[in-house]
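Structure at a glance
Residue-level listing of the chains:
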Amino acid sequence: MAKLTISLVYLVPLAMLASAWAHGRLTPALRIAALVALPVFYLVHWQFLERMSGWPTDVRIPGEFELVAASVVEPDRSQDRDGVIYLWVRNRLGEPPRSFELDYTRALHRQIVEAQRRLEQGIRQYGSASSGRESGDSGSAGSGGMKLVIRDATARIMPAKTY
């Protein structure tokens with residue numbers, strides 16, 4: 001259904017423009033404006049689609065999440081490249097995983113490496129994100145004014161069975 005909707009978003013304006021053009025209802029100034037505006041519209045739309053699909057997004061990470069995977073790209077001054085940290089997280093509400101892009105910090109890098117080590121051992125990792133830093137927090141790493149804490153999943157204790 002989503003592919004059909006996206007296709008219609010591209011085809012409807014094009015069909016309307018072609019119809020108006022074929023019937024001679026457009027002045028030369030409107031034809032030029034349409035020729036410039038339509039590709040710009042499609043490029044802007046494509047940029048928004050990238051943020052919605054599997055590409056990493058720089059929107060705010062959910063407040064509570066399960067860490068699925070991570071990748072760290074360290075800064076490289078010889079190539080004038082800033083570092084970046086990619087997190088693939090699942091919202092605790094059961095939504096599909098989503099990729100997030102965070103600014104690189106050494107503290108966050110250390111925390112991610114430790115979380116990845118625990119994931120490889122089979123220990124599920126949960127995280128929480130909040131804005132700002134509170135003083136006295138240990139085990140938290142910030143990125144762009146955000147406080148991120150990743151911890152081991154707590155074992156669920158099932159209630160006693162009653163017969």
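Reading guide: rules and limits
Residues numbered from 1 in each chain as written. Predicted model: local features only at pLDDT ≥ 70, side-chain atom pairs only at ≥ 80, totals over all residues. Heavy atoms only, no water. Helix = DSSP H or I, 4+ residues; strand = E, 2+ residues; numbered from the N terminus. Buried < 20%, exposed > 50% of the residue type's maximum accessible area, 1.4 Å probe, protein only. Contact = heavy atoms within 4.5 Å. Areas by Shrake-Rupley, 256 points an atom, 1.4 Å probe, with all protein chains shown as cover. Salt bridge = Lys/Arg side-chain N within 4 Å of Asp/Glu carboxyl O. Polar contact = N/O pair within 3.5 Å; in protein donor to acceptor, adjacent residues only side chain to side chain. Phe/Tyr/Trp six-rings, centres within 6.5 Å; stacked < 30°, edge-to-face > 60°. Lys NZ or Arg CZ within 6 Å of the ring centre and 35° of its normal. Core = buried A, V, L, I, M, F, W, Y, C linked by side-chain atoms within 4.5 Å. Pairing = 2+ DSSP bridges. pLDDT = per-residue confidence, 0-100.

Digging into the overall build of the protein
When its secondary structure is counted, the protein shows 3 helices and 6 strands. In the protein, the succession of α and β elements from N to C terminus is α-α-β-β-β-α-β-β-β. A burial count over the protein gives 26% of its 163 residues as buried. A separation of at least 24 residues holds for 55% of the contacts in the protein among residues at least 6 apart in sequence. By element, 60% of the accessible surface of the protein is carried by carbon and sulfur atoms, the whole surface being about 11,600 Å².

As for the pattern of salt bridges
Applying the stated criterion across every chain, the model contains 7 salt bridges. A salt bridge links Arg-151 to Glu-64; the nearest nitrogen and oxygen atoms lie 3.4 Å apart. Of this pair, Arg-151 sits in strand E6 (residues 146-152) while Glu-64 is found in strand E1 (residues 64-73), placing the two residues 87 residues apart along the sequence. Relative accessible area serves as the criterion here: at 32%, Arg-151 is assigned to the partly exposed category. The partly exposed category is assigned to Glu-64, whose relative accessible area is 33%.

Remarks on the side chain of Glu-66
Looking at where Glu-66 falls in the secondary structure, it is placed in strand E1. On the basis of relative accessibility, which here comes to 11%, the residue Glu-66 falls in the buried class. Polar side-chain contacts of Glu-66 include one of 3.0 Å to the side chain of Arg-124. Once residues within four sequence positions are removed from consideration, Glu-66 is found in contact with Trp-88, Val-89, Arg-90, Arg-124, Gln-125 and Tyr-126.

Considerations on the packing of aromatic side chains
Note on aromatic pairs: each is described by the distance of the centres and the angle between the planes. According to the stated counting rule, one finds 1 aromatic pair in the structure shown. Aromatic side chains Phe-41 and Tyr-42 sit 5.4 Å apart centroid to centroid with 55° between the ring planes, which places their arrangement in the tilted category. Relative accessible area serves as the criterion here: at 18%, Tyr-42 is assigned to the buried category. For Arg-98, the ring lying beneath its charged end belongs to Phe-100, and the centroid distance is 5.9 Å.

A word on the nonpolar core
Taken as a class, soluble globular proteins show a tendency for nonpolar side chains to be buried jointly. One finds Ile-61, Leu-87 and Leu-148 to be the most contacted residues of the largest nonpolar core, which totals 17 residues. Every element with two or more residues in this core is listed here: E1, strand E2 (84-91), strand E3 (98-103), helix H3 (106-120) and E6. Other than its neighbours up to four places away in sequence, Ile-61 contacts Leu-87, Val-89, Phe-100, Ala-129 and Met-146. By size, the runner-up hydrophobic cluster in this structure holds 6 residues, among which are Leu-17, Leu-26, Leu-38 and Tyr-42.

What to know about the pairing of strand E4 (residues 125-131)
Counting buried positions along E4 gives 5 out of 7 residues, so the element sits mostly inside the fold. Note that E4 and E6 share 7 bridges and pair antiparallel. Directly across from Gln-125, in E6, lies its bridge partner Asp-152.

Considering the confidence of the model for the protein
This prediction gives the protein a mean pLDDT of 80; 81% of its residues lie at or above 70. Considering only residues more than four positions removed or in separate chains, one finds that residues 134-140, a stretch of pLDDT under 50, has 10 contacts.

Describing the environment of Asp-152
Tracing the backbone shows Asp-152 in strand E6. Note on Asp-152: relative accessible area 32%, which makes it partly exposed. For the pair Asp-152 and Ile-123, spaced 29 residues apart in sequence, the C-alpha separation works out to 6.5 Å. With residues near it in sequence (within four places) discarded, Asp-152 still touches Arg-118, Ile-123, Arg-124 and Gln-125. Polar contacts involving the side chain of Asp-152 include one to the side chain of Arg-118, which spans 3.3 Å. At 2.8 Å, the side chain of Asp-152 and the side chain of Gln-125 are in polar contact.

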